[in-house]
Amino acid sequence: MEKIIQEVLDSNRKYTNYGQVASYIPELKKAKRDDLGICIIDKDNNVYKAGNCDTKFTIQSVSKTIVLAMALMDNEWQYVFSKVGMEPSGDPFNSIMKLETNDTKKPCNPMINAGAIVTTSLIKGSTLEEREERMLKFFRRMARNENIGINYDVYKSEKMTGDRNRAMAYLLKNDGFIDGDVDEVLELYFKQCSIEIDAVDLARIGVNLASYGVDIANGERIISESVSRMVKTFMITCGMYDASGEFAIKVGIPAKSGVGGGIMASVPNKMGIGVYGPALDKKGNSIAGVKVLQDLSQRMNLNIF
Ligand code: DON
């Protein structure tokens, strides 16, 4: 396995020359575009690494999967889906358009920014501090890493430039999809996006989803089987934004990308894969990361279809 990962890394390194590191959140511009890291953790808890697996970056939209799991554990699923839909949007991740044109005005799904802001608002806790603490605890549990925390420089940068998210959140509040204080919801959303992780953390989250919510390291259940199925289903249908269809055809693995350059992939019953490559295509997906997953899927026969 180590050999395959190294070969896949070497043969795809050239793709780090394509695309751009995200710049709309200024702090993200500091990433090194030629970094590339792959980590696989299989269901027997073997860890395989190649390239920049220790490099820290922010989780960004990959957080949407974990917060969705939390929202589904904190609330009845029927209630969650009364506030956010189950369908791919076909639009960019930060699109505001369908919040007006959809019949219901409900955000299409929890993997786009509008839907994720709603799932963030469904995290339970009597104060913002309590919600933040619970959220961080859950991320640490999913990644089996007590050291996970927030990158405050990225958080400040998100907050300074997050007016589009702010606009969506106020619209969602106006239309009854968010209860409570909008600024507090946004605060938590900016923080969840700014959580700092590495490719190993992503692989660990991926394998815990692949094992239907059971921590493969100690057999403890973290999330229910049905929640883990829902999260992976959203990863397949919406995880790579408006490139999810193409990714499902070419790679065939549930995956979620983030503009920090990470992709978390989860191969049911087999393994979790974390990939890091910060140069992105126009849709916000890591170019080298997608190529790596395509090769891994082919070479190890991982396509779930
Ligand atoms: O809210 C935002 O725009 C970012 N914090 C997260 C977006 C993101 O990662 C989209 N990913 N491809």
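Note that the coordinates shown come from a computational prediction; the quantities given were computed from them, not determined experimentally.

Cut-offs used in this document
- Per chain, residue numbering runs from 1 following the sequence as it is written.
- With the structure being a predicted model, the display of local features is reserved for residues of pLDDT at least 70 and the display and counting of side-chain atom pairs for 80 or more, all residues being used for whole-chain, interface and lining totals.
- Put simply, DSSP marks the helices as runs of H or I at least four residues long and the strands as runs of E at least two long, and each gets a number from the N terminus on.
- Between the two quantities, the radius of gyration covers C-alpha atoms and the globule rule is 2.2 Å times the number of residues to the power 0.38.
- Field definition: a residue is buried when 20 or more other C-beta atoms are found within 10 Å of its C-beta, exposed when 12 or fewer are, and partly exposed for counts in between, with C-beta atoms placed from the backbone.
- Contacts here follow a simple rule: the backbone-placed C-beta atoms of the two residues must lie within 7 Å.
- The pairing criterion is simple: DSSP has to find at least two bridges between the two strands.
- UniProt positions are given in the numbering used here, feature names are shortened, and annotations may be inferred rather than shown by experiment.

(A) Fine view of the overall build of the protein chain. Secondary structure assignment for the protein chain yields 13 helices and 10 strands. Taken over the C-alpha trace, the protein chain has a radius of gyration of 18 Å; the compact-globule value for 305 residues is 19 Å, and the two agree within 12%. Summarising its shape, the C-alpha atoms of the protein chain cover approximately 55 × 40 × 35 Å along the three principal directions. Here the protein chain holds 305 residues, and 52% of them are scored as buried. Counted over contacts in the protein chain with a minimum sequence separation of 6, partners at least 24 positions apart contribute 69%.

(B) Fine view of the pairing of strand E9 (residues 271-276). Along E9, 6 of the 6 residues are buried, which leaves the element largely enclosed by surrounding structure. Relative to E9, strand E2 (residues 37-42) runs antiparallel, the two being bridged by 6 bridges. Counterpart to Ile40 in the pairing with E9 is Ile273. Alignment of strand E8 (residues 262-267) against E9, held across 6 bridges, turns out to be antiparallel. Pairing of Ser266 across the sheet is with Gly272, part of E9. Where E8 folds back on E9, the antiparallel hairpin that results is connected by 3 residues, among which Asn269 adopts a positive phi of roughly 65°.

(C) Local environment of the UniProt feature "binding site: substrate" (unreviewed entry) in the protein chain. What UniProt calls "binding site: substrate" (unreviewed entry) maps, in this numbering, to Ser61, Asn113, Glu158, Asn165, Tyr189, Tyr241 and Val259. One can find Ser61 in the loop between strand E4 (57-58) and helix H2 (63-74). Taking the C-beta count within 10 Å as the criterion, Ser61 has 26 such neighbours and is therefore assigned buried. Excluding its chain neighbours within four sequence positions, the residues that come into contact with Ser61 are Phe93, Lys256, Ser257, Gly258 and Val259. Relative to the assigned elements, Asn165 resides in helix H8 (residues 163-174). Every residue in contact with Asn165, bar those within four places of it in the chain, is listed here: Asn113, Ile117, Leu186 and Tyr189.

(D) Structural detail: the sheet that holds strand E6 (residues 195-197). The strand order across the open sheet built from 3 strands is E4-E6-E5, with neighbouring strands paired in antiparallel fashion. Since the sheet does not close on itself, it has two edges, and those belong to E4 and strand E5 (149-150), each with one partner.

(E) Structural view of the pairing of strand E3 (residues 47-51). The pairing of E2 with E3 spans 5 bridges and is antiparallel. Each residue of the ladder has a partner; that of Ile41, found in E3, is Val47. What sits between the antiparallel neighbours E2 and E3 is a turn of 4 residues, in which Asn45 has the positive phi angle 70°.

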